[in-house]
Amino acid sequence: MDLRHLRYFVAVAEELHFGRAAERLTMAQPPLSQAIRQLEGDLGVELLHRTTRRVELTDAGRGYLARARRILGEVDEAAHEARRVAAGAVGHLAIGCVGSATYSLLPALSRGLSRELPGVDFSFRGEMLAPDQAAALRTGEIDLALLRPPVADLALTVRPLRRDRLVVAVPADHRLAARAQVRVADLAGTGLIVHSADRRSVMYDVVLGLFRDAGVEPRIRHEVGETSTLVTLVAGGLGAAVVPEPVTALALDGVAFRPLVRPAAGVDLALAHRTDRTEPHLARAVAVVQRIVRAGG
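Cut-off values and rules
- Residues numbered from 1 in each chain as written.
- Predicted model: local features only at pLDDT ≥ 70, side-chain atom pairs only at ≥ 80, totals over all residues.
- Heavy atoms only, no water.
- UniProt positions renumbered as here; feature names shortened; annotations may be inferred.
- Core = buried A, V, L, I, M, F, W, Y, C linked by side-chain atoms within 4.5 Å.
- Buried < 20%, exposed > 50% of the residue type's maximum accessible area, 1.4 Å probe, protein only.
- Helix = DSSP H or I, 4+ residues; strand = E, 2+ residues; numbered from the N terminus.
- Contact = heavy atoms within 4.5 Å.
- Salt bridge = Lys/Arg side-chain N within 4 Å of Asp/Glu carboxyl O.
- Pairing = 2+ DSSP bridges.
- Phe/Tyr/Trp six-rings, centres within 6.5 Å; stacked < 30°, edge-to-face > 60°.
- Axes fitted to C-alpha atoms, helices over the stretch in contact; angles between N-to-C directions.
- Parallel < 35°, antiparallel > 145°, perpendicular 65-115°, else oblique.
- Left-handed = near helix turned anticlockwise from the far one by under 90°.
- Expected span 1.5 Å × (residues − 1).
- Arc of directions from axis to C-beta.

The chain appears in an unreviewed UniProt entry as LysR family transcriptional regulator from Actinomadura parmotrematis. Here is the UniProt Sequence similarities (unreviewed entry) comment for the chain, exactly as written: "Belongs to the LysR transcriptional regulatory family."

Below, the structure is given as structure tokens:
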């Protein structure tokens, strides 16, 4: 059945006048009358009772009108939904965040994404290490990842967002807390709290690289999986840690953060997703995240 015939019938049924219905449909009256006759012929019932003076709905016509309105409403709703999907206005996205981005960016991202893409349902996973994020992207467990490169996976597109400076977190009563800034050499002999080597943390490699370049032997006392745990252990006086500057957003009592003095001491933050993911709502979310980060989070 041609949907146009449904629309023609609804117009005539609501106007109860072929001339007014034709004007409403911006068409001539004879083709409209012919289309209604064809519809009645296809159905095998009379929908309209016509006289020379008036047009009335039959019982079958009244029943058909209610169903026709619902059908046309659902067709229009489906078309609207399809346009929204094509425009990236609806969908679901799960975003995984590395620890430091969890504290510094997630609040701004949650507000910004909800404001600019209100039809997209967002969920967030915090405190993820880069290898876990890459694996979750591959399986579809998450759709976007805020992570620390490098990521050696050709199936992923990795977009640089910014470079974060490194700072040293020490207990508030530590001798280095009185310093305005700290060098790697100042950490010689100090117990370190680092991200776990077993979980292939990017920060583990960064920290060991800093000590190696400075010719200092690191004294690792604790390895942890989450940045919040790492800073909590520093607050407990169990050691010092080198972390990205956004971790200072935690602002725990008992922890002092001091800039790390070293040329170009920093780590990159990037946005990653599977290269084969081309959904419009994902592309729009990528653009929003980039804009929020450029604006300073």
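Before going further, it helps to examine the nonpolar core. One finds Leu 113, Phe 122, Leu 144, Leu 146 and Val 289 to be the most contacted residues of the largest nonpolar core, which totals 25 residues. Counting residues per element, the ones that place at least two in this core are β3 (91-97), α6 (106-116), β4 (120-125), β5 (144-147), β11 (266-274) and α10 (280-294). The dominant element in this core, judged by the number of residues it contributes, is α10, at 7 residues. In this structure, Leu 146 is in contact with Gly 96, Cys 97, Val 98, Ala 101, Leu 109, Gln 133, Leu 161, Leu 269, Ala 270, Leu 271 and Val 289, ignoring residues within four places of it in sequence.

Keep in mind that most residues, glycine aside, have a negative phi and that most peptide bonds are trans. Pro 150 follows Pro 149 through a cis peptide bond whose omega is 10°. You can see Pro 150 is positioned in the loop between β5 and β6 (156-171). In this structure, Leu 16 takes a positive phi of about 50° despite not being glycine. Along the chain, Leu 16 turns up in the loop between α1 (3-15) and α2 (18-24). Although it is not a glycine, Thr 26 sits at a positive phi angle of roughly 50°. With respect to the helices and strands, Thr 26 occurs in the loop between α2 and α3 (29-43).

Okay, the pattern of salt bridges next. Counted according to the given criterion, the structure contains 22 salt bridges. Between Asp 153 and Arg 138 there is a salt bridge, with its nearest N and O atoms 2.5 Å apart. A residue pair is termed long-range when its members are at least 10 positions apart, and Asp 153 in the loop between β5 and β6 and Arg 138 in helix α7 (residues 130-139) qualify at 15 residues. Residue classification places Asp 153 among the buried positions, given a relative accessible area of 16%. For Arg 138, a relative accessible area of 43% corresponds to the partly exposed category. Put simply, Glu 279 and Arg 277 hold a salt bridge, and the shortest N to O gap is 2.7 Å.

Burial along β5 is two-sided: Leu 144 and Leu 146 and Ala 145 and Leu 147, pointing in opposite directions, are all buried. Alignment of β3 against β5, held across 3 bridges, turns out to be parallel. Following the sheet pairing, Cys 97 is matched in β5 by Leu 146.

Scanning all chains against the criterion turns up 1 aromatic pair. Arranged with centres 5.4 Å apart and planes meeting at 65°, the rings of Phe 9 and Tyr 64 form a pair that is edge-to-face. A residue pair is termed long-range when its members are at least 10 positions apart, and Phe 9 in helix α1 and Tyr 64 in helix α4 (residues 59-86) qualify at 55 residues. Taken individually, Phe 9 and Tyr 64 each receive the classification buried, so the pair is uniform in this respect.

Taken N-terminus to C-terminus, the directions of α6 and α10 make an angle of 130°; their axes are 10 Å apart at the nearest point. Judged by the angle between their axes, α6 and α10 are oblique. With respect to the hand of their crossing, α6 and α10 are arranged in right-handed fashion. Contact residues: α6 offers Ala 108, Leu 109, Gly 112, Leu 113 and Glu 116, while α10 offers Arg 284, Ala 285, Val 288, Val 289, Arg 291 and Ile 292.

Bringing the side chain of His 273 into the picture now. Among the structural elements, His 273 can be located in strand β11. The exposure class assigned to His 273 is buried, which follows from its relative accessible area of 4%. Those residues in contact with His 273 that lie beyond four places of it in its chain are Leu 137, Asp 143, Leu 144, Ala 155, Leu 156, Thr 157, Arg 159, Leu 282 and Val 286.

Let's shift gears to α10. Residue pairs three or four apart in sequence face the same way in an α-helix, which turns once every 3.6 residues. Compared with the 21 Å implied by 1.5 Å per residue over 15 residues, the 21 Å span of α10 between its first and last C-alpha is a close match. Those residues of α10 that sit buried are His 281, Leu 282, Ala 285, Val 286, Val 288, Val 289, Ile 292 and Val 293. The buried residues of α10 occupy an angular sector of 165° when the element is viewed end-on, so they sit on one face. Buried residues in α10 make contact with β3, α6, β4, β5, β6 and β11. Of the residues trailing α10, Gly 296 is marked for its positive phi of about 95°.

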